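The primary structure of each chain is shown beneath.
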Amino acid sequence: MTGRIEGEARAAVIRAQAEARRLGQDFIGCEHLLYGLAGADDTVGTALRDNGVTPEGVENQIQRLIADNRAPSAGPGELDRDALAAIGIDLDAVRARLDDAFGPGSLDRPARRPRPAWFARRPGRRAPSGHLPITRQARMCLDRAVTAAAADDPDAAPDTTGLTIALLDIDASALRAVLTGLGVSPPRLAAEIGQLG
Amino acid sequence: MESSSEIAEDAASRDPDVGLRAVAALRELAERLEILQVDNARRLGWSWQQIATRLGVTKQTVHRKHGPRMRERE
């Protein structure tokens, strides 16, 4: 069904995949589709960029999300004093009592838990090659755009307008976070794009 | 003036970032306490079964988790 996407809309999807791969991600999500559309060489691309949705802006937001997901509060084996204080546990008081009972530094030995096998085997860092899988929401966006285009004319393929409007209506957390980070209101932007063609 | 822990408590009320970190820190703390207590119990001559009963797990679980460390030290 999605094989029917042509022209600049098709180029946007191809840019989305290239961007996902460049960022080291092993899937194409709605946020990558937004990146692809932001680079479109037509009135829709211009309207997106005029509203602050530039390829650079989207990429920065995606990178921020990636960094956010990778940043643990304290490394494994670290005791997060502030987080414990937040639930009423005074780490210094615990430490003082344990030092009394078991000698100084008793609490400072990391627990060194053995990781379960599935954790170690996680294939995360393998360099993605070939076609990347597309997320459920991104697939839904493409399908909706195809369906909407075919509603007017059974032979019509979705253009960047249809793709952008479908995308702005999708409830995907990463896409929402990117748009919020760029200070964009999805319904208002969708209305503006809808008036272009 | 608020102490740093009072500020942290305010932030903890609904913020998942603080709440989830607290869970992770609590797990790490519990792990360390378990090691200290199990080691101490073994030194005092407690059986694996006695330790397991207090921890609320099976003897096999305790032995699999802590047995290798004991053997390393001997």
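Going by the structure above, here's the rest.
So, a few notes on the structure that sits alongside this text. (Residues numbered from 1 in each chain as written. Chains lettered and ligands numbered in written order. Predicted model: local features only at pLDDT ≥ 70, side-chain atom pairs only at ≥ 80, totals over all residues. Heavy atoms only, no water.)

With respect to the nonpolar core
Core analysis: the biggest nonpolar cluster contains 42 residues, and Leu33, Leu34, Val53, Val58, Leu163 and Leu167 of chain A have the highest contact counts within it. The set of elements that each furnish at least two residues to this core consists of helix 1 (7-22), helix 2 (30-38), helix 3 (43-50), helix 4 (55-70), helix 8 (136-152), helix 9 (160-168), helix 10 (173-181) and helix 11 (186-194) of chain A. Ranked by residues supplied to this core, first place goes to helix 2 of chain A with 6 residues. Beyond its immediate chain neighbours, meaning those up to four positions away, Val53 of chain A contacts Leu34, Ala38, Leu48, Val58, Leu182, Val184 and Leu189 of chain A. By size, the runner-up hydrophobic cluster in this structure holds 8 residues, among which are Leu79, Leu84 and Leu98 of chain A together with Ala25 of chain B. (Core = buried A, V, L, I, M, F, W, Y, C linked by side-chain atoms within 4.5 Å. Buried < 20%, exposed > 50% of the residue type's maximum accessible area, 1.4 Å probe, protein only. Helix = DSSP H or I, 4+ residues; strand = E, 2+ residues; numbered from the N terminus. Contact = heavy atoms within 4.5 Å.)

Structural notes on the pattern of salt bridges
Residues and elements named next belong to chain B. Inspection of the entire model under this criterion finds 11 salt bridges over all chains. With a closest N to O distance of 3.3 Å, Asp17 and Arg21 form a salt bridge. Here the residue Asp17 and the residue Arg21 both occupy positions in helix 2 (residues 16-43), the gap between them amounting to 4 residues, near one helical turn. For Asp17, a relative accessible area of 39% translates into the label partly exposed. We classify Arg21 as partly exposed; its relative accessible area is 30%. Between Asp39 and Arg69 there is a salt bridge; the shortest N-O distance is 2.6 Å. Placement of Asp39 in helix 2 and of Arg69 in helix 4 (residues 59-73) is noted, with a sequence separation of 30 residues between them. (Salt bridge = Lys/Arg side-chain N within 4 Å of Asp/Glu carboxyl O.)

Concerning the interface of chain B and chain A
Taken together, the contact between chain B and chain A spans 19 residues of the former and 24 residues of the latter. Contact between chain B and chain A buries roughly 1,900 Å² in total, counting both sides, with carbon and sulfur atoms accounting for 70%. Considering only the side of chain B, the residues that lose the most area to chain A are Leu29, Arg32 and Leu36 of chain B, jointly responsible for 33% of the buried surface there. Viewed at the interface, chain A and chain B are joined by 1 residue pair in polar contact (both at pLDDT 80 or more). Elements that contribute at least two residues to the side of chain B that touches chain A include exactly helix 1 (4-12) and helix 2 of chain B. Among the elements that make up the side of chain B that touches chain A, the one with the highest residue count is helix 2 of chain B (14 residues). (Buried area = accessible area lost by both parts, 1.4 Å probe. Polar contact = N/O pair within 3.5 Å; in protein donor to acceptor, adjacent residues only side chain to side chain.)

Details of the environment of Arg4 of chain A
Residues and elements named next belong to chain A. Its location among the elements puts Arg4 in the segment before helix 1. Taking the relative accessible area as the measure of exposure, Arg4 reaches 33% and is therefore partly exposed. Spatially, the C-alpha atoms of Arg4 and Asp155 are 9.4 Å apart, while their sequence positions differ by 151 residues.

What about helix 3 of chain A?
All names here are of chain A. Those residues of helix 3 not exposed but buried are Val44, Gly45, Ala47 and Leu48. Buried positions in helix 3, seen along its axis, are confined to an arc of 160° and lie on one side of it. The outward face of helix 3, more than 90 degrees from its buried face, is lined by the exposed residues Thr43 and Asp50. Lining the buried residues of helix 3 we find helix 2, helix 9 and helix 11. One side-chain oxygen of the residue at the start of helix 3 lies 3.1 Å from the amide nitrogen of Val44, identifying that residue as Asp42. Where helix 3 terminates, the next one or two residues include Gly52, which has phi positive at roughly 95°. (Arc of directions from axis to C-beta.)

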